[in-house]
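The lines below spell out each chain.
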Amino acid sequence: MALPSFNWWGKGSHKGTPVVVTMENPNWSMVELEAPSESDFQTSTVTQEKARGKNAKQLTWVLLLKAHRAAGCLTSVASTLFSLGSTIRRRVISGRTDNNDSTPSTENKTVKTRFYNCIKAFLWLSLLLLGFEIAAYFKGWHFGAPKLQLQYIFTAPFGVRDLFDGLYTRWVLIRVGYLAPPLQFLANVCIILFIVQSLDRLVLCLGCFWIRFKKIKPIPKQDAIVDLEENGFFPMVLVQIPMCNEKEVYQQSIAAVCNLDWPKSNILIQVLDDSDEPTTQLLIKEEVHKWQQDGARIVYRHRVIRDGYKAGNLKSGMSYSYVKEYEFVAIFDADFQPAPDFLKRTIPHFKDNEDVGLVQARWSFVNKDENLLTRLQNVNLSFHFEVEQQVNGVFINFFGFNGTAGVWRIKALEESGGWLERTTVEDMDIAVRAHLHGWKFVFLNDVECQCELPESYEAYRKQQHRWHSGPMQLFRLCLPDIIRAKISMWKKFNMIFLFFLLRKLILPFYSFTLFCIILPMTMFIPEAELPAWVVCYIPATMSFLNILPTPKSFPFIVPYLLFENTMSVTKFNAMISGLFQLGSAYEWVVTKKLGRSSEGDLVSLVEKETKQQRGESEPNLDETKTDILREQKSRQKKHNRMYTKELALAFLLLTASARSLLSAQGFIRSVVDVNTGGLELGWLPNENFRRRGLAESSVHRLLSSRFRF
């Protein structure tokens, strides 16, 4: 077999493909570059030189083409950045929020403006120091050159040397003697709380790992399954759907509940409508009437006096005389869509377990991949259900009721005092009181109920405010009852310290204080230091543990960490308002929902309903499907508001971290000259402290002892 020849310009056949080069500039012409032909392969020297010249010409054209494309990319990048900057500026000026959110804001405008002004002033000051640090970094001041000290920078001809030295000397003395010690003490307290909370989180993760390793999960007794499948024993179940002005989701929730696989004679559905919009009331009434005609046992209830929000709504639903006929009550919020076998997978856990008062299912989300906000919420809630709720349910038989997607034994509700209207977290309230009365809870991690996550930051912020202010209200009210309750000391410790203090009070306190106050303040008071393991390693580890239940969210671990630090402002504010009974503690705003469902689910629902209507033609079916899909798409179009307060805080934290990185080789230090006893101001790195034989602690002691006011 002959070896191939590598002298392609020699004799032999050569097959090539024509190459067409098109220039986007209209002033340039289009050139077709062909592969070498047979006439090009001549043995003469002149022909070879011509062929080589043609190949060089081809290479030149290709390089010109690459350069033209690179120039086009640079132009497009510049125009894109300019357009992005214009869009951000326009949105900041307009401050426009979602166009479908008509809920009036109840936030105090004066407090909001003052808080925002403080953040802006702090941000501008930090930016000024950052610019000074950058200038010092590039001028070499951080190497501590003798002639680069501040005495030589601010020289006498300018008339500012003595004034600057005097002001800065007093500032250093105030900083070292009065500001740094309390800030360092507060930092140490937060570090201790941070370690305790991290250990609690680690123990929960180890418990979840043990549950998975041992494959532990609640299993109903075989007799209960046999009663359902063979003997046809179906207890009487009451299903409640509380809603308030939620016209986007009422259809899918009512349809899902009416399709539960349970004998119609043994189930009754209550639609508890608290809507104050006449149009929404009419739509919900019509929907209930449709399902009544289809044979479902469903009733519509509307309160004239709307007191107590959701707790008052549920309480009114339990006040009817026919409720005595039912043994269990299942609760689903307006955006929840239980699977048809939900009751068959939850009710058997009550069989022959007379001390079980609640069976809670976990949530799953139809829009968890809608945007970055829903992805980050999915991380938090997945950890809450799969780790916190599951571990507490398996090892303690107690956890906070999530307010929906759960089944209660009506006897447990009655013995615990029923629904009370004293807090905005009526679900946690009834769970605490039921646990104090000796009832046990069961959490089913493998039973899911679909729901919807808030997709706008405004809706999410209001939801988090209610979730973090309500527990503090409840803690004030329930603490005496917990202390007097006839339960074990371990259960009292778990409820007071772990359930309330550590996870509801300490967590928002230290996260806000440590990362949003102390960390930025170390830019101005470098004597108060935070260890690297507190700022970097432990937060990264905790974020890693939080994302373990959702492995697909690992690419979002950095945005998740930053987002949680920024959200700590809202959570801390809510915690303080609930703890001290401030006005916003009793604020209740229904979380805005968009009625997220797959288009296939909507179309199938419309087809089913339309087939049930007599005299309906096929063109009307298509029109109905088109209208529903068009309405769903129109709800998705919204203008997102630029939340300047949160963005300013996030940028402030970013500035603090950037300045700390630039200052890693040199800080603005204050050093005492041992020889003269005077205060010498300069840019000195840690190496210079070691050369002078002075540690930072000794410098502080010298400053404190030599200078007095």
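Since we're looking at a predicted model, the values are computed, not measured.

Visitor: Could you give an account of the nonpolar core, with specific residues and numbers?
Guide: In summary, soluble globular proteins display a tendency toward joint burial of nonpolar side chains. Counting 88 residues, the largest nonpolar core has Ile254, Leu343, Trp408 and Val432 as its most contacted members. Looking at which element gives the most residues to this core, the answer is strand β10 (residues 440–451), with 7 residues. Contact partners of Ile254, with chain neighbours within four places excluded, come to Ile241, Val271, Ile284, Glu287, Val288, Trp291 and Ile298.

Visitor: Kindly report on the pairing of strand β9 (residues 406–409), identifying the contributing residues and their values.
Guide: The two faces of the sheet receive side chains in turn, since in a regular strand these alternate between them. Alternating residues of β9 divide into Gly406 and Trp408 and Val407 and Arg409, and every residue in both groups is buried. Looking at chain direction, strand β6 (residues 328–331) and β9 are connected through 4 bridges and run antiparallel. Bridge assignment links Ile331 to a residue of β9, and that residue is Gly406.

Visitor: Provide a residue-level description of the packing of aromatic side chains, including the pertinent values.
Guide: Counted under the stated rule, the structure contains 25 aromatic pairs. Relative to Phe515, the ring of Phe194 lies with its centre 5.9 Å away and its plane at 90 degrees, an arrangement referred to as edge-to-face. With a gap of 321 residues between them, Phe194 in helix α4 (residues 161–214) and Phe515 in helix α14 (residues 489–521) connect regions that are remote in the sequence. For the residue pair Phe194 and Phe515, the accessibility class agrees, reading buried in each case. An aromatic cluster is built from Phe336, Trp363, Phe385, Phe398, Phe399, Phe401, Trp408, Phe441, Phe443, Phe475, Phe499 and Phe500, whose rings are joined through pairwise contacts. Taking the ring centre of Tyr320 as reference, the NZ or CZ of Arg301 above it sits at 4.9 Å. For Lys504, the ring lying beneath its charged end belongs to Phe499, and the centroid distance is 4.4 Å.

Visitor: Run through the UniProt feature "transmembrane region" (unreviewed entry) in the protein, naming residues and quoting values.
Guide: Following the UniProt record, the feature "transmembrane region" (unreviewed entry) maps to residues 121–138, 185–211 and 496–524 here. Along residues 185–211 one finds 100% helix and 0% strand; the C-alpha atoms at either end are 39 Å apart. In this annotation, residues 496–524 is assigned 90% helix and 0% strand; the end-to-end C-alpha distance for the span is 38 Å.

Visitor: Break down the packing of helix α15 (residues 532–547) against helix α16 (residues 557–579) for me, with residues and values.
Guide: The interhelical angle for the contact between α15 and α16, taken along N-to-C directions, is 110 degrees, at an axis separation of 10 Å. The angle between α15 and α16 places the two elements in the roughly perpendicular class. The handedness of the crossing between α15 and α16 comes out as right-handed. Judged by residue contacts, Pro539, Ala540, Ser543, Phe544, Asn546 and Ile547 of α15 engage Ile557, Tyr560 and Leu561 from α16. Across the contact of α15 with α16, the residue classes break down as 7 nonpolar, 2 polar and no charged.

Visitor: Would you mind going over the sheet that holds strand β7 (residues 337–338) in detail, with residue names and values included?
Guide: Strands pair in a sheet through their backbones, by hydrogen bonds, and they do so in one of two ways: parallel or antiparallel. Strand order in the open sheet formed by 8 strands is β5-β4-β3-β6-β9-β8-β10-β7, and the pairing between neighbours is mixed. Unpaired on one side and paired on the other, β5 (298–302) and β7 mark the two borders of the sheet. In this sheet, β9 lies alongside strand β8 (residues 356–365) in antiparallel orientation, the contact comprising 3 bridges. Bridged to Gln360 within β9 is Gly406.

Visitor: Which residues make up a nonpolar patch on the surface, and what are the values?
Guide: The grouping of Ile195, Leu199, Leu202, Leu206, Trp533 and Tyr537 at the surface amounts to a nonpolar patch, some 590 Å² of accessible area in total. Among the elements of the structure, α4 and α15 are those that each provide at least two residues to the nonpolar patch. For the nonpolar patch, the leading source of residues is α4, giving 4 residues. Along the chain, Ile195 turns up in helix α4.

Visitor: A description of the environment of Leu505 should follow, citing residues and the corresponding values.
Guide: Inspection of the secondary structure puts Leu505 in helix α14. Sequence separation between Leu505 and Ile576 is 71 residues, and the spatial gap between their C-alpha atoms is 8.8 Å. Ignoring sequence-local partners within four residues, the contact set of Leu505 consists of Met472, Phe500, Met575 and Leu579.

Visitor: Describe in detail the side chain of Thr423, supporting the description with residues and values.
Guide: Summarising the element assignment, Thr423 is placed in the loop between α11 (410–415) and α12 (426–436). Note on Thr423: relative accessible area 6%, which makes it buried. Separated by 3.3 Å, the side chain of Thr423 and the backbone nitrogen of Val425 make a polar contact. For Thr423, the residues in contact, after removing those within four places along its chain, are Asp429, Gln473, Leu474 and Leu477.

Visitor: An account of the confidence of the model for the protein is requested, with residue identities and associated values reported.
Guide: With 64% of its residues at a pLDDT of 70 or more, the protein shows a mean pLDDT of 75. Counted against residues more than four places away or in other chains, residues 1–35, with its pLDDT under 50, gives 40 contacts. In the model, residues 598–625 has pLDDT below 50 throughout and makes 23 contacts with residues more than four positions away in sequence or in other chains.

Visitor: A description of α15 should follow, citing residues and the corresponding values.
Guide: With 16 residues, α15 extends 22 Å between its outermost C-alpha atoms, agreeing within 8% with the 22 Å of an ideal straight helix rising 1.5 Å per residue. Of all the bends in α15, the greatest, near 25 degrees, is centred on Ile538, and the proline Pro539 appears no more than four residues after it. All buried positions along α15 are accounted for by Val534, Ile538, Pro539, Met542, Ser543, Leu545, Asn546 and Ile547.

Visitor: Before we move on, could you go through the pairing of β6 and cite the residues and values that matter?
Guide: On β6, burial covers both faces: Phe328 and Ala330 on one face and Val329 and Ile331 on the other are all buried. One ladder, built from 4 bridges, connects strand β3 (residues 237–243) with β6; its direction is parallel. Its bridge partner being in β6, Val237 is matched across the sheet by Phe328.

Visitor: Account for the packing of helix α10 (residues 372–395) against helix α13 (residues 457–484), naming residues and giving values.
Guide: When two helices pack together, you describe them by how their axes are tilted relative to each other and by the distance separating the axes. Put simply, α10 and α13 touch, their axes get as near as 11 Å, and they point 25 degrees apart. Of the possible angle classes, the one that applies to α10 and α13 is roughly parallel. Crossing of α10 against α13: the hand is left-handed. Residue-level contacts link Leu373, Gln377, Asn380 and Leu381 of α10 to Tyr457, Tyr460, Gln463 and Trp467 of α13. Here the residues of the contact of α10 with α13 sort into 5 nonpolar, 3 polar and no charged.

Visitor: Could you give an account of the pattern of salt bridges, naming the residues involved and the relevant values?
Guide: Two side chains of opposite charge can pair, provided their charged atoms sit close to one another. Applying the stated criterion across every chain yields a total of 19 salt bridges. Across the pair Arg503 and Asp200 runs a salt bridge whose closest N-O atoms are separated by 3.0 Å. Placement of the pair is Arg503 in helix α14 and Asp200 in helix α4, with a sequence separation of 303 residues. The exposure classification of Arg503 matches that of Asp200, with both residues buried. Salt-bridge contacts for Glu386 lead to Arg212; the nearest nitrogen and oxygen are separated by 2.0 Å. Residue Glu386 is located in helix α10, and its partner Arg212 is located in helix α4; the two are separated by 174 residues in the primary sequence. In this structure Arg212 comes out as exposed when scored by relative accessible area, which is 55%. Within this structure, Arg212, Arg362 and Glu386 form a network of salt bridges that share partners.

Rules of the game
Residues numbered from 1 in each chain as written. Predicted model: local features only at pLDDT ≥ 70, side-chain atom pairs only at ≥ 80, totals over all residues. Heavy atoms only, no water. Core = buried A, V, L, I, M, F, W, Y, C linked by side-chain atoms within 4.5 Å. Buried < 20%, exposed > 50% of the residue type's maximum accessible area, 1.4 Å probe, protein only. Helix = DSSP H or I, 4+ residues; strand = E, 2+ residues; numbered from the N terminus. Contact = heavy atoms within 4.5 Å. Pairing = 2+ DSSP bridges. Phe/Tyr/Trp six-rings, centres within 6.5 Å; stacked < 30°, edge-to-face > 60°. Lys NZ or Arg CZ within 6 Å of the ring centre and 35° of its normal. UniProt positions renumbered as here; feature names shortened; annotations may be inferred. Axes fitted to C-alpha atoms, helices over the stretch in contact; angles between N-to-C directions. Parallel < 35°, antiparallel > 145°, perpendicular 65-115°, else oblique. Left-handed = near helix turned anticlockwise from the far one by under 90°. Nonpolar A, V, L, I, M, F, W, Y, C, P; charged D, E, K, R; others polar. Patch = residues over 30% accessible without salt bridge, like charges linked within 9 Å, V, L, I, M, F, W, Y side chains within 5 Å. Areas by Shrake-Rupley, 256 points an atom, 1.4 Å probe, with all protein chains shown as cover. Salt bridge = Lys/Arg side-chain N within 4 Å of Asp/Glu carboxyl O. Polar contact = N/O pair within 3.5 Å; in protein donor to acceptor, adjacent residues only side chain to side chain. pLDDT = per-residue confidence, 0-100. Expected span 1.5 Å × (residues − 1). Bend = angle between axes of the 7 residues up to and from the residue.

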